[in-house]
Amino acid sequence: MDRGNTDSILNDIFNLFSKDRPYESFPEQAESLGLITSNQGVTITLEQGIFDGRMFFVTFTLDSEKDLGEKPWLEGDLNISSHKNLLKSYGREIKKIADHQYAGVLFGNIVKSPRMEIERIDLSWNIKNIFPKFVEESSATKVNGNWKFTFSLPAMDTSTQIVIPPTKRNTALYEKVRKEGVFIEVSSIYYTPVSFITHYSEYVAHETYDAWDFVDAELKVRDDLGIEYMGKYFGG
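Rules of the game
- Residues numbered from 1 in each chain as written.
- Predicted model: local features only at pLDDT ≥ 70, side-chain atom pairs only at ≥ 80, totals over all residues.
- Heavy atoms only, no water.
- Helix = DSSP H or I, 4+ residues; strand = E, 2+ residues; numbered from the N terminus.
- Buried < 20%, exposed > 50% of the residue type's maximum accessible area, 1.4 Å probe, protein only.
- Contact = heavy atoms within 4.5 Å.
- Pairing = 2+ DSSP bridges.
- Phe/Tyr/Trp six-rings, centres within 6.5 Å; stacked < 30°, edge-to-face > 60°.

A word on the overall build of the protein chain
Of regular secondary structure, the protein chain possesses five helices and 13 strands. Expressed as a percentage of its 236 residues, the buried residues of the protein chain come to 38%. A fraction of 59% describes how many contacts in the protein chain between residues 6 or more apart in sequence connect residues 24 or more apart.

What follows is the structure, encoded as structure tokens:
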């Protein structure tokens, strides 16, 4: 793959993994990392990172001397060394973009109360094994090694919009929940230059729980341009 095509891929990594719509402003807002680690014939480069105060995203590329399958699995540990017990969940996606070359995104969210101020997070990502995700890819090879990265991501500027003060938990609220079955109350919206997070409360009547096996709210938000956003379990 020539360098021109590689640069194009790097600019589009966020879009490559966007299922709902492109993260158009992510590349412009993200911090350049440029961290490279090579071991056992595999070179991993952390390209860009962004932290909106709740979630973080890190794009990376992987070059290998051997075939690692269509979607190799990166096994290892991720920690936030600057704050204990802050990491709530994380994941990664990776796709093959050329022979022996891959692009991916590491993402995660943190445990944070509305009053908690975090100016930056210090992350440590230690990859120990790389192997094919699918068993049927018998031609691919598992690679044991050590690819370790430590880096920091500053939090972006944020603002909060109060939609409605939380309703007091009294008899009137319980009566409303019983009448509606499921009652959703949006309290505030948290904005960054690249994202927004909607804070809401979900109240479910006992009668609804008795009638249904599982109850969970899924939000759909439409902005002033008519673009719709679907809520995600891990946030976003």
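Description of the pairing of strand β4 (residues 72-80)
Across the two faces of β4 the burial differs, with Pro72, Leu74, Gly76, Leu78 and Ile80 buried and Trp73, Glu75, Asp77 and Asn79 not buried at all. Judged from the nine bridges that link them, β4 and strand β7 (residues 120-132) form a sheet pairing that is antiparallel. What sits directly across from Trp73, in β7, is Phe131.

Brief notes about the packing of aromatic side chains
Aromatic rings considered in pairs are described by the distance between their centres and by the relative angle of their planes. A full pass over the atoms with the stated rule returns three aromatic pairs. For the pair Phe183 and Tyr203, a centre-to-centre distance of 6.0 Å together with 25° between the ring planes defines the contact as stacked. Taken together, the positions of Phe183 in strand β10 (residues 182-191) and Tyr203 in strand β11 (residues 196-204) put the pair 20 residues apart, joining distant regions of the chain. In this structure Tyr203 comes out as buried when scored by relative accessible area, which is 12%.

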